[in-house]
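Okay, here's what each chain looks like letter by letter:
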Amino acid sequence: MRVVSWLARRVGAAAILLWIVATVIFIAIRMIPGDPAEAIMGGPGSQASAEALEAAREQYHLNEPLLVQYALYLGQLITGDLGTSYAQQRPVAQIMAEMLPATLQLTLISLVIAWLIAFLMAAVAARSNRIGQAMGTVIEVVAAAVPHFWLGAMLIIIFSTWLGWLPSVDTGTVQGIILPALTLAIPLSGFLAQLMRDSLVTAMSSPFALAARARGASEGQVFFRHGFRHAALPALNLTGWAVATSISGAVVVEEVFARPGLGRSLLGAVLSRDMPMVTGIALFSALIYMVVMLIVEAIEAIINPAAARGDDA
Amino acid sequence: MSRTAKILATLFVGLVVTAALFPSLLAPGDPLAVKPSEAFQAPSLQYPFGTDESGRNVYTRVVHGTADSLTIGLAATALGMGIAILLGVITAFGPRWIDSVILRLLEVLYAIPALLMALLIIAFTGPGTTPAIIAVGLSTAPGYSRLIRTHLRTLVNSEMFDAATVLGHSRWHKVRNHLIPNTLSTLLALITLGIGQAVIWASALSFLGLGTPPPAPEWGAMLANGRTYLHFAWWLTVFPGAAIVTIAAGATLLGRTATRSRT
């Protein structure tokens, strides 16, 4: 039953975290100067009539005392109701459900690509000489430092404008997702490779690798059965962060490639100050982060039971 | 740090500082000067980085933009680091309950990626250069706080500190002779890394139309502008972006070598 109590504790902690995030956002929205009803109608420039403002106040419960508003807001959140978008006048949850598959697809594909590239870079760098290692470091650092918006533009110039191989905007086809996915994957692979290489080098020169070689295992066997397993752990630990970062990276990538998705909806919401939409997407990405962290912790506990007990092995 | 690395690092820092403080030494001319007859010139000897849609010299703009982009990066890092140092010191030396409250809070902030947090902040403040600085500063603070807290905790619990206590040294003596010297190098490396990151985040915001607005020669704003003409005027995007990558990668390598040579 240890697993059940561990899970209950974790889920409880995640729920409290979400509650704090929601509360902070609620307070912050009320602190924006100006009339929230005006913001709903499109800002002070919209010249909304007094009746329209009153209707908006009624619709969003702005006439109630703050505490009642807060209670209503939390009550809605618990039932999964994220409110109504100011700009689109539709439920935020509905818009997000429409946008989620595209972003999820992009994120997952680039996560797989990033792991593949990182693994290759780490493997090559770990087995080469000093000059190769130094070059590997530079490539990793540059890959990790390249901002999505520039990388995306470079890939468009090379593969779309010059070579004409791939479309520069998302077309909904397989070819259309290659450039966006690469744009998201390359910087991430730089981070992952940096982490993996250090532990790969350590693992390949460790006593157990030597023992395996002494038993007559080939270099390839040692590499896959011992080296890779050790290299994967720290990078795995980073996956929760990686998924969360990919979602914010998706904001830029979806914008560059004119690809519909959660990120682009968020950007639009920020520009038009559509607060329910902004809040919904922020809460959702916090939720994703926590779920992924939970899964990562569970996998780590399976690979290394001592760490799960808190022995810090 | 090897000799070549040292020379390269010095050259890099020298070039960046010169471009930021005395841009006219590297690129005489006005970064805002318009010359419509020379619009969309491809890179040539006269215009090394080409010209934009109003005939402005992109090379001049990139060089003069160093100050803008770097100032934003520096200001954001200063803000983020300031908050982080404050929180780090409070958590490392304050009572236990404060430590756990702040840790929980940091965990919450950590659940929201930096760019998303910056977007959230700008949703409240509206776009602009100052909001971008605040957004980048605040959104990078949680990460730094955790690092600084861990570093201070390790130092306070170290044998060196125990020895100083046994020797009867005062609290102030311990802070001055052990804590500050051992923290400064770490902080310096962190700040170097942070500036590179901050330049990227800030230009990402400008690129999305939420930071510095055009026609200021800020790199992110230049990129946002160049995007419209991406298919036939690649130089408008390539060169400002290359400047951002150079600064970010240079700062990262510099910060890393600094940490490695210390330990």
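Residues numbered from 1 in each chain as written. Chains lettered and ligands numbered in written order. Predicted model: local features only at pLDDT ≥ 70, side-chain atom pairs only at ≥ 80, totals over all residues.

Here we look at the overall build of chain B
Operational definition: Helix numbers and strand numbers start at the N terminus; a helix is a DSSP run of H or I with at least 4 residues, a strand a run of E with at least 2. We call two residues in contact if the C-beta atoms placed from their backbones are at most 7 Å apart.
Within chain B, the secondary structure is distributed over 10 helices and zero strands. Taking as baseline every contact in chain B between residues at least 6 positions apart, the subset at least 24 positions apart corresponds to 64%.

Brief notes about the overall build of chain A
Cut-off, in case you're wondering: Three exposure classes are used. Buried residues have 20 or more other C-beta atoms within 10 Å of their own C-beta, exposed residues have 12 or fewer, and partly exposed residues fall in between, all C-beta atoms being placed from the backbone.
Across its full length, chain A holds 14 helices and zero strands. Taken from the N to the C terminus, the helices and strands of chain A come in the order α-α-α-α-α-α-α-α-α-α-α-α-α-α. For chain A, the proportion of its 313 residues judged to be buried stands at 37%. At a minimum sequence separation of 6, the contacts of chain A that also span at least 24 residues come to 69%.

A look at the packing of helix α6 (residues 129-156) of chain B against helix α8 (residues 171-207) of chain B
All names here are of chain B. The criterion, for reference: Geometry is summarised by axes, namely lines fitted to C-alpha atoms with helices restricted to the contacting stretch, and by angles between N-to-C directions that run from 0 to 180 degrees. Throughout, the term roughly parallel applies to angles under 35 degrees, roughly antiparallel to angles over 145, roughly perpendicular to angles from 65 to 115, and oblique to all others. For a crossing to be left-handed, the near helix must be turned anticlockwise from the far one by less than a right angle; the clockwise case is right-handed. When residues are grouped by polarity, Ala, Val, Leu, Ile, Met, Phe, Trp, Tyr, Cys and Pro land in nonpolar, Asp, Glu, Lys and Arg in charged, and all others, Gly among them, in polar.
The N-to-C vectors of α6 and α8 enclose an angle of 155 degrees; their axes lie 10 Å apart at closest approach. Taken together, α6 and α8 sit at an angle that is classed as roughly antiparallel. Classified by chirality, the crossing of α8 by α6 is right-handed. Seen from α6, the contacting residues are Ala132, Ala135, Val136, Thr140, Tyr144, Leu147, His151 and Leu155; seen from α8, they are Leu179, Asn182, Thr183, Thr186, Leu190, Gly194, Gln197, Ala198, Trp201, Ala202, Leu205 and Ser206. Of the residues assigned to the contact of α6 with α8, the class counts are 12 nonpolar, eight polar and no charged.

Focus on helix α5 (residues 114-125) of chain B
Side chains three or four residues apart in an α-helix point the same way, a direct result of the helix having 3.6 residues per turn. Residues and elements named next belong to chain B. Heads up, the rule is: An expected span of 1.5 Å times one less than the residue number is assigned to each helix.
With 12 residues, α5 should reach 16 Å at 1.5 Å per residue; the first-to-last C-alpha distance of 16 Å fits that figure. Counting buried positions along α5 gives 10 out of 12 residues, so the element sits mostly inside the fold. The positive-phi residue at the C-terminal boundary of α5 is Gly126, with phi of around 85 degrees.

Some points on the interface of chain A and chain B
On the chain B side, the residues contacting the 34 residues of chain A number 32 residues. When contributions to the side of chain A that touches chain B are tallied by element, the ones reaching two or more residues are α1 (2-31), α6 (130-145), α7 (148-162), α11 (239-256), α12 (262-271) and α13 (275-303) of chain A. Per-class residue counts for the side of chain A that touches chain B are 28 nonpolar, four polar and two charged.

Digging into the domain arrangement of chain A
All names here are of chain A. The condition that has to hold: These domain boundaries are the output of an automatic or database domain assignment.
Partitioning chain A into structural domains gives domain 1 (2-78) and domain 2 (92-309). Element by element, the count of residues in the side of domain 1 that touches domain 2 is highest for α1, at eight residues. A per-class count over the side of domain 1 that touches domain 2 returns eight nonpolar, no polar and one charged.

What to know about the packing of helix α3 (residues 58-93) of chain B against helix α4 (residues 96-110) of chain B
A pair of packed helices can be characterised by two numbers: the angle between their axes and the separation between those axes. Residues and elements named next belong to chain B. Running from amino to carboxyl end, α3 crosses α4 at an angle of 140 degrees, the nearest separation of the two axes being 7 Å. By the criterion of interaxial angle, the relationship of α3 to α4 is oblique. Where α3 crosses over α4, the two elements pack in a sense that is left-handed. Contact with α3, carried on its side by Leu87, Ile90 and Thr91, involves Ile98, Asp99, Ile102 and Leu103 of α4 and no other residues of that element. Broken down by class, the residue content of the contact of α3 with α4 amounts to five nonpolar, one polar and one charged.

Some details on the nonpolar core
Worth spelling out the cut-off: The nonpolar core is taken to be a set of buried Ala, Val, Leu, Ile, Met, Phe, Trp, Tyr and Cys residues joined by way of C-beta atoms within 7 Å.
With 138 residues, the main nonpolar core has A:Leu192, A:Val278, B:Ala118, B:Leu119, B:Trp201 and B:Leu205 as its most contacted residues. Considering each element in turn, this core owes the most residues, 16 residues, to helix α8 (residues 174-204) of chain A. Leaving out residues up to four positions away in the same chain, A:Val278 has contacts with A:Leu266, A:Ala269, A:Val270, B:Leu120 and B:Ala123.

Observations concerning unusual backbone geometry
Across residues other than glycine, the phi torsion is negative in most instances, and most of the peptide bonds are trans. Unlike most non-glycine residues, A:Ala258 shows phi in positive territory, near 50 degrees. The residue A:Ala258 is located in the loop between α11 and α12 in this model.

Re the confidence of the model for chain B
In low-pLDDT segments, the atomic positions of the prediction should not be examined closely. Residues and elements named next belong to chain B. Worth spelling out the cut-off: pLDDT gives the predictor's per-residue confidence on a scale running from 0 to 100.
Per-residue confidence for chain B gives a mean pLDDT of 78; residues scoring 70 or more make up 90%. For chain B, helix α2 (residues 23-26) is the element with the lowest average pLDDT, namely 69, and α3 is the one with the highest, namely 84. Interface scoring of the predicted complex returns ipTM 0.75; its pTM is 0.77.

Here's the deal with the environment of B:Phe239
All names here are of chain B. You can see Phe239 is positioned in helix α10 (residues 235-262). By C-beta crowding, Phe239 is classed as buried, having 21 other C-beta atoms within 10 Å. In this structure the C-alpha to C-alpha distance between Phe239 and Gly143, which are 96 residues apart in sequence, comes to 30 Å. When near neighbours in sequence (up to four residues on either side) are disregarded, Phe239 contacts Phe49, Val58 and Val62.

Here's the deal with the environment of A:Ile139
Residue position: A:Ile139 is located in helix α6. In sequence terms A:Ile139 and A:Ile156 are 17 residues apart; their C-alpha atoms lie 21 Å from each other.

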